[in-house]
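# Commentary on secondary and tertiary structure
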Amino acid sequence: MTTHAAASTPLGFGSMRRKEDARFLRGAGRYLDDIVLPGMLHAAILRSPYAHARIVSVDTSAAEAHPKVEAVITGETLAGLGLAWMPTLSHDVQAVLATDKVRFQGQEVAFVVAEDRYAARDALGLIEVEYEPLPAVVDATHALDPDAPVIRDDLHRTDNHIFDWEAGDAAATDEVFSRADVVAECDLLYPRSHPAPMETCGSIASMDPVSGKLTVHTTTQAPHAHRTVYALVAGIPEHKIQVIAPDIGGGFGNKVGIYPGYVCAVVGSIVTGRPVKWVEDRSENLMSTSFARDYHMHGEIAATKDGTLLGVRVKVLADHGAFNGTAQPSKLPAGLFHVFSGSYDLRAAHCSVTGVYTNKCPGGVAYACSFRITEAVYLIERLVDVLARDQGWDPAELRMKNLIRPEQFPYRTALGWEYDSGNYPKTLRTALDLAGYAELRREQAEKRARGELMGIGVSFFTEAVGAGPRKHMDILGLGMADGAELRVHPTGKAVLRLSCMTQGQGHQTTFAQIVAEELGISPDDVEVVQGDTDQTPFGLGTYGSRSTPVSGAATALVARKVRERARIVASAMLEVAPSDLEFVKGRFEVRGDPAASASMAEIAMAAHSALELPEGVEGHLDATCVYNPPNLTYPCGAYVCVVDVDPGTGQVTVRRFVAVDDCGVRINPMVVEGQIHGGLADGIGMALMEALAFDPDGNHLGASFMDYLLPTALECPSWELGETVTPSPHHPIGAKGVGESATVGSPPAVVNAVLDAIGVRHADMPLTPAQVWRAMQGRPLRTDLSVT
Amino acid sequence: MQITVTVNGVEYTRDVEPRLLLVHFLRDELGLTGTHWGCDTSNCGVCVVLLDGLPAKSCTVLAVMADGHEVRTVEGLAGADGLDPVQQAFSDMHGLQCGFCTPGMLLTSRALLDRNPDPSPAEIREAISGQVCRCTGYENIVRAVRAAADRAAEAGTAAGTVTS
Ligand code: FES
Ligand code: FES
């Protein structure tokens, strides 16, 4: 169970220390705020104190008179440039700086550029804004009331409705429900939460007035998509834009979108002729950049009386905030939520989702959720538990009985997904054995008899990651495919250029390992380049656990192309036909005469030399590849959580957490385990601590880490991991991706455990001591609203 | 105000605004960007440095308060003979991912081992509980600190302290 880096570097897959550690350990990482450009100015944003208000006037004269202020930009300035509004990732528009109204607390109103960061903040206090407050829409369940204030009058809307969307066969599902012996239903809120990476978002825009080239250093998970969006928004030719993502201090989806501050920094640089740095503070991060979840779900599950699950039906009310900025593939307004039939062999399933505007921050996909699969998994895994409780069935047995069986793969779900591979019963069995499930139930019974509250929660999840295929999935019309370029230098060392962008996942190491595995050279000899759009091929970036499934596949395939070129060069060197050569890690050998061989380094030198090369190679040793995934990959996992609840205070202690993940082939098991650990901590955070709630006036109640609580080392147990390995049949190296698996799978395990402990059918997350206490009294809270 | 602060053994004298935070002094005045900033409310701990040998949140200390004091930052952890054992152990045990919380975690761990060469996992968790890591789920940080302690015990040095 203990993670150890291998003593020596493997020639491919296997645990090895990360190459990126060297700089991070010495404080030599280069994050956005560490970058200082010559003549750089600093910016700060004035934000709305109101959730909904008309702007009567904005007076910037005192701020402009501040000796250190270089520019003050307002919505009116931007309107003059046609930049007051920008497109969102969901075909809506969002105010860059408010002109007519403010629509959420924390919305951007004015942008100050000054000599230093303190002066920029000082000047914010000198701007006078007169507001006329309006009633706010805070509770999503009342957003569509006929008398609700209309938020988007800019679009000439007459209500707060955004979209209706459905998936599955409604008639078939109703039919299954009408014939079911038992049905369980439940209202579930997945509250608004925030990815809150330790580094906040920011950018440095630098417009070169002579060449007309815009360079944007920015905290982005998707540098290429950002470049294209800047070109579309600002009308700057795309070849004159260079986006550079430096080291990123965690992303988790928070760094996918383009925020108003980024656009303002560009305008600030154009106006002042100098580089402009804007870095948000923590409350700005929590109040105005991409939130996650906020799904109000009514779910129903149908079964026979012997415990065979038949179908699931769900209605969702999705709170999208004041602008529809959710980052989903464009044909899918609820993302991949419709994998909610989960890991079970169901006959029918149907969902309908309604999106509404409220006076809250826009966003809505972030926080390691795989495009709303967190919500889907939470829904099904809670429903299964509720049903088990209603019927007096064991929740683990109920799951085992209904899991999709290994022989059913590839498995087409009632909602049309084709799951690629898995051995679900084995994965669940491994987790239950590791946890000692039967023994835990015995211990629980003993404790109950003594009045102690111990709970055991089980969850099983199926993830769907690695979006595309491009024909089904695009963002703003950009198909979800990713590029890779591999060049082997004359001495046999290589450089790999990728469109994805690490935020701590260790790409510099794991992608070098993929090349190493394919070419038989050391990962230490492969440099991985990411983040700079002038140096890397186009692609949609890193989110939705797509790096390994998409860019990882591109890397394996580009390395194979290079290998085949190397074969032709080797055939010229060794004077045999290419087909007479055999690739044995790191070298081509003549079949039957292994002494006649050439190493990758020798081949690379030959490829760059005066050697006469045969047909099919032009010289040099490099290749490019664009990978358009044929299908998603489907990691899965089984989790068991054990909690103790203090009956006097409602305080939950997570005593044990067993996680068995199947993410296919593991490139670097040490890194994979690290990814899982992090996601499990997120799950504990969401289940027990994290929620962005609002008071009736739309005041944000989670705007600092005093109020938005993140798990520390004290809330997290020592994770117990296990694994099963079912390779993806369609991925070149059989890997499935793992970045978000644990974030997706763990919240229901924790919630199921707590509710099991206190014997309550359902209460919404976060299960804070107050919420647990209230639930024990039969009065759980609406966790998205202020406590009244 | 003129202040003199010793950072990683080097004395720096600078004229600063009285309101300047130590974290900004280190980053913006001295260019020591290994010390990070992550919140407005003294909660996250990515800014932790050692102030006279004890962990302190440098966002919660004014630069003028450090006048005449000694500060040790992550840049001062490695000695002439290489990485501090704690740094090495963080890499061996994969105790870091994005690296943003890492400098603060390393310094707190160093200070813990200096005063308690054989901490239990619970004591390690307690020591780093004022600092948030959003990536690692903490387990590998705990293992790293334990590994550093074990290695020091094997080597017979006092918790692997690199004398500076
Ligand atoms: S920056 Fe968060 S505690 Fe110092
Ligand atoms: S390693 Fe990213 S916050 Fe700790």
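Residues numbered from 1 in each chain as written. Chains lettered and ligands numbered in written order. Predicted model: local features only at pLDDT ≥ 70, side-chain atom pairs only at ≥ 80, totals over all residues. Heavy atoms only, no water.

Judged by nonpolar contacts, the single largest core of 185 residues is most densely connected at Met297, Phe337, Phe340, Val353 and Leu688 of chain A together with Phe90 of chain B. The element that contributes the greatest number of residues to this core is helix H9 (residues 373-391) of chain A, accounting for 11 residues. The contact partners of Val353 of chain A, leaving out residues within four places of it in the chain, are Phe163, Asp164, Trp165, Tyr295, Val316, Ala318, Ala334 and Phe337 of chain A. Counting 42 residues, the second largest nonpolar core, distinct from the first, contains Ile521, Ala566, Val590 and Ile603 of chain A. (Core = buried A, V, L, I, M, F, W, Y, C linked by side-chain atoms within 4.5 Å. Buried < 20%, exposed > 50% of the residue type's maximum accessible area, 1.4 Å probe, protein only. Helix = DSSP H or I, 4+ residues; strand = E, 2+ residues; numbered from the N terminus. Contact = heavy atoms within 4.5 Å.)

With that settled, the discussion passes to the UniProt feature "domain: Aldehyde oxidase/xanthine dehydrogenase a/b hammerhead" (unreviewed entry) in chain A. Taking the numbering used here, the UniProt-annotated feature "domain: Aldehyde oxidase/xanthine dehydrogenase a/b hammerhead" (unreviewed entry) corresponds to residues 26-135 of chain A. Taken end to end, residues 26-135 of chain A is 18% helix and 37% strand, and its two terminal C-alpha atoms sit 51 Å from one another. (UniProt positions renumbered as here; feature names shortened; annotations may be inferred.)

So, about helix H6 (residues 223-234) of chain A. All names here are of chain A. For H6, built from 12 residues, the straight-helix expectation of 16 Å at 1.5 Å per residue is met to within 8% by its first-to-last C-alpha distance of 16 Å. Most of H6 is tucked away, with 10 of its 12 residues classed as buried. Along H6, the residues that are buried comprise Pro223, His224, Ala225, His226, Arg227, Thr228, Val229, Tyr230, Ala231 and Val233. At its buried positions, H6 is contacted by strand S4 (85-87), strand S12 (214-218), strand S13 (241-244), helix H7 (260-272) and strand S22 (478-479). (Expected span 1.5 Å × (residues − 1).)

Bringing the domain arrangement of chain A into the picture now. Taken domain by domain, chain A consists of domain 1 (32-134 + 218-237 + 257-277), domain 2 (373-465 + 631-776) and domain 3 (481-627). Centre-to-centre separation of domain 1 of chain A and domain 2 of chain A, based on C-alpha positions: 40 Å. (Domains from an automatic or database assignment.)

With that out of the way, let us pick up the packing of aromatic side chains. Residues and elements named next belong to chain A. Within this structure, the stated rule accounts for 19 aromatic pairs over all chains. Both rings, one in Tyr50 and one in Tyr131, keep their centres 5.3 Å apart while their planes meet at 65°; by these two values the pair is edge-to-face. Here the residue Tyr50 occupies a position in the loop between strand S1 (41-47) and strand S2 (53-59), and Tyr131 occupies one in strand S8 (residues 128-133), the gap between them amounting to 81 residues. Site record: aromatic cluster; members linked through ring pairs are Phe461, Tyr639, Phe657 and Trp719. A cation sits over an aromatic face here: Arg23 above Phe24, 4.7 Å from the ring centre. Note that Arg546 overlies the ring of Tyr543, its terminal NZ or CZ placed 5.5 Å from the centroid. (Phe/Tyr/Trp six-rings, centres within 6.5 Å; stacked < 30°, edge-to-face > 60°. Lys NZ or Arg CZ within 6 Å of the ring centre and 35° of its normal.)

Now for the interface of chain A and chain B. Across the contact, 58 residues belong to chain A and 47 residues belong to chain B. For the pair chain A and chain B, the summed buried surface comes to about 4400 Å²; carbon and sulfur atoms form 54% of the total. Area buried by chain A at its contact with chain B is led by Leu25, Tyr118 and Met198 of chain A, which between them contribute 19% of it. With a closest N to O distance of 3.6 Å, Asp33 of chain A and Arg27 of chain B form a salt bridge. Linking chain A to chain B there are 29 residue pairs in polar contact (both at pLDDT 80 or more). Among the secondary structure elements, those contributing two or more residues to the side of chain A that touches chain B are helix H1 (21-25), helix H4 (117-124), helix H8 (282-288) and helix H16 (669-688) of chain A. With 8 residues, the top contributor of residues to the side of chain A that touches chain B is H16 of chain A. (Buried area = accessible area lost by both parts, 1.4 Å probe. Salt bridge = Lys/Arg side-chain N within 4 Å of Asp/Glu carboxyl O. Polar contact = N/O pair within 3.5 Å; in protein donor to acceptor, adjacent residues only side chain to side chain.)

This part is about the sheet that holds strand S3 (residues 48-51) of chain B. All names here are of chain B. The sheet built from 5 strands is open, its strands ordered S2-S1-S5-S3-S4 with mixed pairing. Two strands lie at the open edges of the sheet, namely strand S2 (10-15) and strand S4 (54-57), each paired on one side alone. Neighbour-to-neighbour, the strand axes of this sheet turn through a mean angle of 40°, independent of strand direction. Here helix H1 (residues 22-29) sits on the sheet in contact with strand S1 (2-7), S2, S3 and strand S5 (70-72), set at roughly 80° to S1. (Pairing = 2+ DSSP bridges. Axes fitted to C-alpha atoms, helices over the stretch in contact; angles between N-to-C directions.)

On to the environment of Arg19 of chain B, then. Its location among the elements puts Arg19 of chain B in the loop between S2 and H1. Sequence-wise, Arg19 of chain B and Gly95 of chain B are 76 residues apart; in three dimensions their C-alpha atoms are separated by 35 Å. Apart from the residues lying within four places of it in its own chain, the contact partners of Arg19 of chain B are Tyr118 and Asp122 of chain A together with Leu62 of chain B. Of the polar contacts made by the side chain of Arg19 of chain B, one reaches the side chain of Glu17 of chain B; its length is 2.8 Å.

So, about the domain arrangement of chain B. Residue and element names in this part refer to chain B. Each assigned domain of chain B is listed here: domain 1 (2-76) and domain 2 (85-158). The C-alpha-based centres of domain 1 and domain 2 are spaced at 22 Å. Contact with domain 1, which involves 16 residues of that partner, is made by 14 residues of domain 2. Between domain 1 and domain 2, the buried area comes to about 1100 Å², and carbon and sulfur atoms account for 66% of it. Scanning the region where domain 1 abuts domain 2 turns up 0 salt bridges. The interface formed by domain 1 and domain 2 holds 3 residue pairs in polar contact (both at pLDDT 80 or more) in total. Only S3 and S4 provide two or more residues apiece to the side of domain 1 that touches domain 2.

All names here are of chain A. Looking at the element boundaries, Leu611 is found in the loop between helix H15 (600-607) and strand S29 (621-627). Along the chain, Leu611 and Met573 lie 38 residues apart, while their C-alpha atoms are 7.9 Å from each other. Among all residues touching Leu611, those that are not within four sequence positions of it are Val569, Ala572, Met573 and Ala606.

Moving on: the sheet that holds strand S23 (residues 482-488) of chain A. Residue and element names in this part refer to chain A. With respect to topology, 4 strands assemble into an open sheet ordered S25-S24-S23-S29, the strand pairing being mixed. Of all the strands in the sheet, just strand S25 (526-529) and S29 have a single pairing partner and so form its edges. Strand-to-strand twist in this sheet, taken as the mean axis angle between neighbours without regard to direction, amounts to 15°. Bridge analysis of S23 against S29 gives 7 bridges, and the strand direction is antiparallel. Pairing of Val488 across the sheet is with Leu621, part of S29. Across the sheet, helix H13 (residues 507-519) touches S23, strand S24 (494-498) and S25, and the angle it forms with S25 is around 130°.

The next thing to look at is the packing of H9 of chain A against helix H17 (residues 741-758) of chain A. All names here are of chain A. Taken N-terminus to C-terminus, the directions of H9 and H17 make an angle of 30°; their axes are 8 Å apart at the nearest point. Comparing their axes, H17 and H9 come out roughly parallel. By crossing handedness, the relation of H9 to H17 is classed as right-handed. In this structure, H9 contributes Ile373, Thr374, Val377, Tyr378, Glu381, Arg382 and Asp385 to the contact, and H17 contributes Thr743, Val744, Gly745, Pro748, Val751, Asn752 and Leu755. Partitioned by chemical class, the residues of the contact of H9 with H17 number 7 nonpolar, 4 polar and 3 charged. (Parallel < 35°, antiparallel > 145°, perpendicular 65-115°, else oblique. Left-handed = near helix turned anticlockwise from the far one by under 90°. Nonpolar A, V, L, I, M, F, W, Y, C, P; charged D, E, K, R; others polar.)

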